[in-house]
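Each chain, letter by letter, is given below.
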Amino acid sequence: MSLRASVKHFGLLFVLALGGWALWPPKSVSPGAGAASPLHSGLRSPARFEIQFSPGMTYIPGTAPYGVGKPVEGLAGVVADFEKRYPDTRVTLVNIPNLREYLVIQLSSGQAPDIVNVNVENVWQDIQKGWFVALDPWLEKPNPFIPAGQPGSRQWWDQFKYQAITRRKAAPDGKAYCLSYDMVETGIYYNKSIFRKVGLQAPRDWDEFLAVQRRLREAGYIPLLMTRDNFNWAIDLTFDQLYVDLAPGIDLNENAARAGSLGAYLDWDELIALHERGFFTRRDARYLDLWRILHDWRPYMNSDLVTTDKIREFVNQNGAMIWDTNLLTYRLLADKQLGFDWGVFYPPPFTKRTSRFASGRPMCVIGGMANQYEITNTAFSDTGDPATSERLRRVIAFLQFITVPANYERIVCEIPAYMPNIVGVPAPPSLRPFEEILLRRYAIAKWTLTFDLRFTEIRTRMLDLYLSDGIDLNEFMVWMERNLDAACDSILRRKHPDMKELDRQWNLKAPARAGKEGLP
């Protein structure tokens, strides 16, 4: 059998295996594990409402996040308290894979958990299918578990600390499908001891950042530890730095409900309309600069982005910096043998020396919401209609219950991992630098979450080849154009966006593009 045929047959077997695995019932976790509640001793009695909730691995009772410290139990206790209040209800915690293919199969068959944990940008792709419940009717009313006069007693919305991120994370149809439970952000962790030894300080702009990495490499260190997935962040940050000044002229789908942090966010239909006009092609000078900048940065990273254990290399002081989320603070603080001081800074902004299209603005936020809870069509399976479903109301009540500050603190603050997003629940001191980062504006696009898995896989493979000098920029751009053409065609066939309205908006915004250099 030829190599091509072998790969083809292996791919088919993989897809079939994935489909069978996705249809298998999700692994359930007893919420009573470790909880002092008679409701969870022995067999559980039948209940009128059986709710399945996928909270994310960090909060699964009985597990030690990252293998560090004692197993968490906070959510188990809160679930037990909810079941005491509602004896006719049982809440089962499930651990489902964070894989779009799995979720699509579960949702299309009506077998998904009642509450899932999915990046909301992925949810936006499917809102027309009726798979998810818009939360606005409940968010705009009081949380019944909150005492009068407290945040949330007038509107549930008021409980959330990061209003610019939480309240404005509306879908393209202007509705909120996601409960932003907690927050996450990225940062560059650096070894202060190495920096002092080499005579360096945290950089203020991109040119200083590259100079710091050159010095570290000369001193025998890996300047920056990265993984392949980190480039998803790097692409979004670089894109924003080069395109944000164009936003008034290319944001073709303005939506009052998404003002604030998402005021200039480019959805899939806008990216398609722009691509049809030559954006994100070899004729787009900004797009060429994006990939050039990433190529120039690549030599300062670990050579193997796939198998290198970047955290181990940082802890062993072979690498001087590491790009990771605020979750790494928990692991570093728990390491009693670390042996060095560390700090955090955010990727610094580009200058005109980096690119003539540099905006000069601070780098935008690429994090934001961490665990993002959506209610699926399973929640109203008793009647098939959200308007008449009692089961749905009990699911809503559970979400409201886990946002009560005292309950929330038991869950989120059990370990210093995610930043609290409920008013009155303070973040641990180790996470406060990331709180400041979250006050920045959001990225104007999230490329990995906009198109399908095929688009992302092809881009990842060809980017690996380009960054390692296996192909040049021109050949890489040929692949990128073909890949984006195919992704756009797929969406146009499946979703039928109103391209005439986008054409009208493009013409209306012509004055905002006047005089801008480098347009395709």
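This text goes with the structure placed above it.
A quick note: this is a predicted structure, and the numbers were derived from the prediction, not measured. (Residues numbered from 1 in each chain as written. Predicted model: local features only at pLDDT ≥ 70, side-chain atom pairs only at ≥ 80, totals over all residues. Heavy atoms only, no water.)

Turning our attention to the sheet that holds strand β7 (residues 186-191). Hydrogen bonds between backbone atoms are what pair the strands of a sheet, whose relative direction is either parallel or antiparallel. Spatially, the four strands line up as an open sheet ordered β8-β9-β7-β10, and their pairing is mixed. Here the strands that pair on one side only, and so sit at the sheet edges, are β8 (222-225) and β10 (342-345). With direction set aside, neighbouring strand axes in the sheet form an average angle of 20°. Of the strand pairs in this sheet, β7 and strand β9 (residues 319-325) are connected by five bridges, and their pairing is antiparallel. Each bridged residue has a counterpart across the sheet, and for Y189 the counterpart in β9 is I322. (Pairing = 2+ DSSP bridges. Helix = DSSP H or I, 4+ residues; strand = E, 2+ residues; numbered from the N terminus. Axes fitted to C-alpha atoms, helices over the stretch in contact; angles between N-to-C directions.)

A few words now on the packing of aromatic side chains. Inspection of every chain in the model, using the stated rule, returns 38 aromatic pairs. Arranged with centres 4.9 Å apart and planes meeting at 75°, the rings of W206 and W297 form a pair that is edge-to-face. Here W206, found in helix α8 (residues 206-218), pairs with W297, found in helix α12 (residues 285-297); they are 91 residues apart in sequence, far enough to count as distant. Classification of W206 as buried rests on a relative accessible area of 4%. Grouping aromatic residues by their ring pairs yields a cluster made of F239, Y243, F279, F280, Y287, W291, W447, F451, F455, Y466, F476 and W506. Positioned above the aromatic ring of W268 is the side chain of K495, whose terminal nitrogen or guanidinium carbon lies 4.5 Å from the ring centre. Over the face of the ring belonging to W506 we find R513, whose NZ or CZ atom lies 3.3 Å from the ring centre. (Phe/Tyr/Trp six-rings, centres within 6.5 Å; stacked < 30°, edge-to-face > 60°. Buried < 20%, exposed > 50% of the residue type's maximum accessible area, 1.4 Å probe, protein only. Lys NZ or Arg CZ within 6 Å of the ring centre and 35° of its normal.)

Most of β7 sits out of view: six of its six residues are buried. A two-sided burial pattern is seen for β7, the buried positions comprising T186, I188 and Y190 on one face and G187, Y189 and N191 on the other. One ladder, built from four bridges, connects β7 with β10; its direction is antiparallel. Residue pairing in the sheet places N191 in a bridge with W342 of β10.

Relative to each other, helix α2 (residues 74-85) and helix α15 (residues 390-401) sit at 135°, their axes nearing to 11 Å. Between α2 and α15, the crossing angle belongs to the class labelled oblique. Our pair here, α2 against α15, has a crossing hand that is right-handed. Seen from α2, the contacting residues are V78, V79, D81, F82 and R85; seen from α15, they are R394, A397, F398 and F401. Class assignment for the residues of the contact of α2 with α15 results in six nonpolar, no polar and three charged. (Parallel < 35°, antiparallel > 145°, perpendicular 65-115°, else oblique. Left-handed = near helix turned anticlockwise from the far one by under 90°. Contact = heavy atoms within 4.5 Å. Nonpolar A, V, L, I, M, F, W, Y, C, P; charged D, E, K, R; others polar.)

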